[in-house]
Amino acid sequence: MASSGSHMIIVILLALAVSSALVSPAASTSRGLDRRPEKTWFRVSLRHVDSGGNYTKFERLQRAMKRGKLRLQRLSAKTASFESSVEAPVHAGNGEFLMKLAIGTPAETYSAIMDTGSDLIWTQCKPCKDCFDQPTPIFDPKKSSSFSKLPCSSDLCAALPISSCSDGCEYLYSYGDYSSTQGVLATETFAFGDASVSKIGFGCGEDNDGSGFSQGAGLVGLGRGPLSLISQLGEPKFSYCLTSMDDSKGISSLLVGSEATMKNAITTPLIQNPSQPSFYYLSLEGISVGDTLLPIEKSTFSIQNDGSGGLIIDSGTTITYLEDSAFAALKKEFISQLKLDVDESGSTGLDLCFTLPPDASTVDVPQLVFHFEGADLKLPAENYIIADSGLGVICLTMGSSSGMSIFGNFQQQNIVVLHDLEKETISFAPAQCNQL
């Protein structure tokens with residue numbers, strides 16, 4: 001594990017600088033041989049769910065944190081019971097970024113939540129028994145010439161956590177706290193950017209319950225399982241680059257296949273959790289604040305024998321949540337090194353805030369480093385500190401968790417995050433995401 005270094009970052013309140021890196025295209029080999037006649041590599045824009053609102057950076061964070069706490073509960077849960085005889089594995093569900101896509105022939109355009117914490121691709125479909133309000137018309141499979149129900153004997157039907165066989169392959173996919181989508185599994189032609197791909201398996205949801213979905217018309221799962229978009233495309237790589245939360249006009253991006261490359265990256269291996277095979281688990285070996293390596297037990301971020309614990313990287317959870325004892329050590333060290341009065345009001349929703357000194361224009365904060373296996377990720381200050389002169393506070397954008405730890409998207413701002421499923425690695429490179 002490398003030393004974090006002793007230098008201090010200067011946080012310029014309300015105007016923080018970001019580092020940049022070069023990103024260039026290169027070729028990659030697709031694993032999906034049956035997909036080669038069609039283009040399966042593409043780039044699409046991502047839009048934050050609150051980008052259209054007139055919010056300050058702090059207000060955006062607070063709104064996202066409310067959604068994130070629900071997502072944390074979903075991610076930490078193992079199963080959800082719907083009836084006495086039905087117990088379904090749970091998945092993440094809601095998210096923070098919307099991607100545009102088109103479905104069917106002729107194509108209809110929709111926005112759907114991008115989710116690295118689940119696998120299933122789904123949208124609401126007519127006839128709808130129970131559907132939430134969405135900003136676009138509900139997809140009508142009868143109007144598409146390329147729609148086809150999947151038989152119960154199909155591989156994708158077999159990959160569902162819960163399915164039944166009546167009029168084709170019927171599914172139930174749960175997201176914890178009783179949120180779920182239920183309908184028929186089918187194939188359709190999907191368009192992403194300038195790529196149009198036929199026979200993508202997806203859920204045609206006729207009975208959809210729960211909160212957190214209404215920002216879009218459904219969800220695109222980018223997890224590690226066979227139902228996910230990445231697995232179905234047979235593309236071994238994808239990356240995303242998320243703009244700063246206060247960049248209301250900035251467009252984030254998702255790149256799939258040969259579009260997903262980077263230079264000057266650090267790389268850490270992905271690890272597997274048989275109990276949660278869809279999640280992207282990383283091996284976090286320690287955390288440094290300034291020169292201090294926190295006194296965290298080596299097993300703190302390990303996956304336990306029952307499948308609990310561990311740390312995942314997630315695009316849909318906003319702030320990073322650390323196991324209780326690790327967050328306590330982090331909080332204690334920040335209090336020690338910042339030497340500012342702790343704000344005890346609790347009005348921000350964050351676990352650790354300080355009172356801004358009168359007339360302060362800058363505050364020195366220590367360098368924060370996440371020591372992943374083989375990769376020391378030094379975060380820029382704006383990825384873990386937020387200040388609001390109106391509220392008179394400066395806060396650490398992290399929280400505590402009693403189970404699973406999550407490396408959230410606030411900590412991933414202006415960083416290209418590359419998932420390589422062939423090499424089983426994740427790589428990081430700093431970037432100015434609104435200029436890519």
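Residues numbered from 1 in each chain as written. Predicted model: local features only at pLDDT ≥ 70, side-chain atom pairs only at ≥ 80, totals over all residues. Heavy atoms only, no water.

Naming follows an unreviewed UniProt entry, where the protein chain appears as Peptidase A1 domain-containing protein of Vitis vinifera. As stated in UniProt under Sequence similarities (unreviewed entry), the record for the protein chain gives "Belongs to the peptidase A1 family." (UniProt positions renumbered as here; feature names shortened; annotations may be inferred.)

Side note on the overall build of the protein chain
When helices and strands are counted, the protein chain shows four helices and 31 strands. Here the analysis covers contacts within the protein chain between residues at least 6 apart in sequence; of these, 72% occur between residues at least 24 apart. For the protein chain, the computed accessible surface area is about 17,700 Å², with 49% contributed by carbon and sulfur atoms. (Helix = DSSP H or I, 4+ residues; strand = E, 2+ residues; numbered from the N terminus. Contact = heavy atoms within 4.5 Å. Areas by Shrake-Rupley, 256 points an atom, 1.4 Å probe, with all protein chains shown as cover.)

Thoughts on the environment of Ile426
With respect to the helices and strands, Ile426 occurs in strand 31 (residues 425-430). Each C-alpha atom of the pair Ile426 and Ser239 lies 9.2 Å from the other, and the pair is 187 residues apart in sequence. Ignoring any residue separated from it by four or fewer positions in sequence, one finds Ile426 in contact with Ile266, Thr267, Thr268, Leu270, Tyr280, Leu282, Ile313, Val417, Leu418 and His419.

Topic: the pattern of salt bridges
The final tally for this structure, using the stated rule, is three salt bridges. The salt bridge involving Asp194 is made with Lys39; its shortest N-O contact spans 2.7 Å. Residue Asp194 is located in the loop between strand 11 (180-192) and strand 12 (195-209), and its partner Lys39 is located in the loop between strand 1 (8-12) and strand 2 (42-48); the two are separated by 155 residues in the primary sequence. Among the residues examined, Asp194 registers a relative accessible area of 58% and is labelled exposed. Classification of Lys39 as partly exposed rests on a relative accessible area of 25%. (Salt bridge = Lys/Arg side-chain N within 4 Å of Asp/Glu carboxyl O. Buried < 20%, exposed > 50% of the residue type's maximum accessible area, 1.4 Å probe, protein only.)

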